[in-house]
Amino acid sequence: MAPSDILQNPEAAERQAILAHRTVWRWHFYAGLFCIPFVIVLSLTGAAYLFKPQVEAFLDRPFDHLVMEGGPRSAQAQVDAALAAAPEGSRLRFYEVRSRPGDAARITLSTPDGPLIAFVHPETNVVLSLQREAERPMEVIKTLHGELLMGDRGAILVELAAGWAVVMILTGLVLWFPRGGRGPGGVLWPRLGLGGRLAWRDLHAVTGFWVSGLALFLLLTGLPWTTVWNDAFKEVRRVTGTLAASQEWSSGRKSERSDPHAAHNAPADQEIRAANPSLDRMAEAAAGLGLPPPVLIAPPSPGGGWRSSPDWTVRSETPNRPQRVVLTLDPASGAVTGREDFGDKHPIDQAIGYGIAAHEGQLFGLANQLLGLFAASGLVLLSVSGIIMWRRRGPLGVLGAPERLTNRNAARAVGVAILALGVFMPVLGVSLVVVGLVEFLVLRRLPRARTWLGLDPVR
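Calculation criteria
Residues numbered from 1 in each chain as written. Predicted model: local features only at pLDDT ≥ 70, side-chain atom pairs only at ≥ 80, totals over all residues. Heavy atoms only, no water. Helix = DSSP H or I, 4+ residues; strand = E, 2+ residues; numbered from the N terminus. Buried < 20%, exposed > 50% of the residue type's maximum accessible area, 1.4 Å probe, protein only. Contact = heavy atoms within 4.5 Å. Areas by Shrake-Rupley, 256 points an atom, 1.4 Å probe, with all protein chains shown as cover. Salt bridge = Lys/Arg side-chain N within 4 Å of Asp/Glu carboxyl O. Pairing = 2+ DSSP bridges. Axes fitted to C-alpha atoms, helices over the stretch in contact; angles between N-to-C directions. Core = buried A, V, L, I, M, F, W, Y, C linked by side-chain atoms within 4.5 Å. Lys, Arg positive; Asp, Glu negative; His and termini not counted. Polar contact = N/O pair within 3.5 Å; in protein donor to acceptor, adjacent residues only side chain to side chain. Parallel < 35°, antiparallel > 145°, perpendicular 65-115°, else oblique. Nonpolar A, V, L, I, M, F, W, Y, C, P; charged D, E, K, R; others polar. Expected span 1.5 Å × (residues − 1).

Engineer: Even after reading the chapter, I still don't get the overall build of the protein chain, so can you show me in this structure?
Structural biologist: Helix and strand counts for the protein chain come out as 16 helices and 10 strands. Burial analysis of the protein chain (459 residues in total) assigns 45% to the buried set. When contacts within the protein chain are restricted to residue pairs at least 6 apart in sequence, those whose partners lie at least 24 apart make up 63%. Per element, the accessible surface of the protein chain, about 22,900 Å² overall, is 64% carbon and sulfur.

So this is what it looks like as structure tokens:
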């Protein structure tokens, strides 16, 4: 039917709108069917990780406000005690400057089995606890959130789920958009008094409207941690000359574990002991710099690693990334030889830094955490209500997908929009090609599978 015919025939226009609506609904259904389990896991783990500072402060409280009869030992003596209790071959990675003298020293060591955190009594030099960083509760949650405890395959799966979640949210917004002069009920607030499936539909649609913006923000600001997208992004930046020498975020948990601060760049424990005055001098200098905590001191990395230099590095690792500062200090005098503030970074890195800080709930304090919690809770409610609606609507013997109607114009328009999204998110794009080929070459040729999946067109 020509566009002029549609304009002159209101009934034809209404039919086209219904067909387009049904096409969007099919995409929404299949996107949700795949990504809802992942959305629930990512929402729950993300909500927990928002409160990492509070949780870790609670877990580490036995190592704070310790009883002391005199003053604390030197920083190097504390590191020596930690190295003596650690596995052979361990090296100093970070020494954390504590703001209170009665708190146990936090010393991160690089070991053959990964980073190890030593809690050392500041006066007696007794090692109170040795904890594998990867086994700390919030690190486990972070690994589950980033790679589902499945390594590289899990990271790719999370990236794939994020792409389909974007499709689900965008198509959901199209379905939510009010048509036909509807009032605010069922659009801005749910009409729970209707009961039954209509009440669930309203709850699903209205919740989706209120959390969609936050959800899209969280999904897009999570892309810098992914593997494929971030690698492609870095290549684009390299070609355009906007790639910084180093970045504060890692592409995936594997990249994070091989962070350039790690063991192979750090001097051996014997070298650290030989540099005894240097660490003490660095700790004294760092304590007076007034940097946002936690403040970490890293030894020089003469082996060509991160910031290869004889100078020591003092860095603020505050969760609020725009407040982070990196300094280099002369080992002989403790004088500052270099400084990098957030404002010195490339505008792209600054934008990503703001996004990551907000994603982690650390950009503007407790309000940021609560806003993230609201988004995560809304996504869980969306997922649960979607499942309930599907099970209540789905007929027996089939998957329950919306019927595939013969409307090439609507299918083409929606398909082009989603393919464009697939170009922006390569893992999603590859999955679209794979799904399309499997459907065209296999599923359409199997009558039972075709009927069960709802692939038979209905006029």
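Engineer: In this structure, what is going on with the pattern of salt bridges? I would like to understand it.
Structural biologist: Oppositely charged side chains can pair when the atoms bearing their charge come close. Throughout the structure, instances matching the rule amount to 19 salt bridges. Note that R100 and D103 form a salt bridge whose closest N and O atoms lie 2.9 Å from each other. We note a salt bridge from E317 to R315, for which the minimum N-O separation is 2.7 Å. Residue E317 is classed as partly exposed on the basis of its relative accessible area of 23%. Here the salt bridges share partners, and the residues they tie into one network are D64, E96, R98, R100, D103 and R106.

Engineer: What is the right way to read the sheet that holds strand β7 (residues 325-329) from this model?
Structural biologist: The strands making up a sheet associate through hydrogen bonds between their backbones, and the pairing can be parallel or antiparallel. The 8 strands are arranged β4-β3-β2-β1-β5-β6-β7-β8 in an open sheet whose pairing can be described as antiparallel. Across the chains shown, the open sheet's two edge strands, defined by having one partner strand only, are β4 (127-132) and β8 (336-341). Across the sheet, the mean angle separating the axes of adjacent strands is 20° when strand polarity is ignored. Inspection of the sheet shows strand β2 (residues 105-111) paired to strand β3 (residues 114-120) by 7 bridges, in the antiparallel sense. Residue pairing for β3: I107 is matched across the bridge by A118.

Engineer: When you look at the nonpolar core in this model, what are you seeing that I'm missing?
Structural biologist: As a rule of thumb, soluble globular proteins bury nonpolar side chains together. If you look at the biggest cluster of nonpolar residues, it comprises 29 residues, and the most contacted ones within it are W164, V167, M168 and L428. Residue assignment for this core shows that the elements contributing at least two residues are α2 (10-49), α6 (151-176), α7 (196-221), α13 (365-393), α14 (408-424) and α15 (426-441). The element that contributes the greatest number of residues to this core is α6, accounting for 9 residues. Each residue touching W164, except ones within four places of it in the same chain, is listed here: W27, A31, F34, C35, L428, S431 and L432. A82, L109, I297 and L327 belong to the second largest nonpolar core, which has 27 residues in total.

Engineer: What is the right way to look at the side chain of E159 in this model?
Structural biologist: Its place among the elements puts E159 in helix α6. It turns out E159 is buried and unbridged, and the closest side chain with the opposite charge, K234, is 12 Å from it. A polar side-chain atom of E159 sits 3.2 Å from the main-chain amide nitrogen of V228. Residues within four places of E159 in sequence aside, it is in contact with T226, T227, V228, W229 and V427.

Engineer: Sorry if this is basic, but what is going on with the packing of α6 against α15 here?
Structural biologist: Any two packed helices are characterised by the angle at which their axes cross and by the distance between the axes. The contact between α6 and α15 brings their axes to 8 Å, and the two run at 80°. Classified by the interaxial angle, the pair formed by α6 and α15 is roughly perpendicular. Two secondary-structure elements touch here, α6 through I156, E159, L160, G163, W164 and V167 and α15 through V427, L428, S431 and L432. The class makeup of the residues in the contact of α6 with α15 is 7 nonpolar, 2 polar and 1 charged.

Engineer: I keep staring at unusual backbone geometry and nothing clicks. Help me out?
Structural biologist: Each neighbour pair has its own omega, and for P293 with P294 the value is -5°, a cis peptide bond. At H65, a position not held by glycine, the phi torsion is positive, near 55°. Assignment of secondary structure puts H65 in the loop between α3 (52-59) and α4 (75-85). Positive phi, close to 55°, is recorded for L148, a residue that is not glycine. Position of L148 relative to the elements: it lies in the loop between α5 (137-147) and α6.

Engineer: Explain the environment of V206 to me, please; I cannot follow it from the model alone.
Structural biologist: Along the polypeptide, V206 turns up in helix α7. V206 gets classed as buried once you look at its relative accessible area, which sits at 4%. Dropping the residues within four chain positions of it, V206 is found in contact with G186, V187, L188, W189 and P190.

Engineer: Help me understand helix α12 (residues 347-359) in this model?
Structural biologist: Within an α-helix, residues lying three or four positions from one another point in the same direction, as the helix has 3.6 residues per turn. End to end, α12 covers 18 Å across 13 residues, agreeing with the expected 18 Å (1.5 Å per residue, within 8%). Residues of α12 that are buried: D349, I352, G353, G355, I356, A357, A358 and H359. Residues of α12 that are buried sit in contact with α5, α7, α8 (228-240) and α13.

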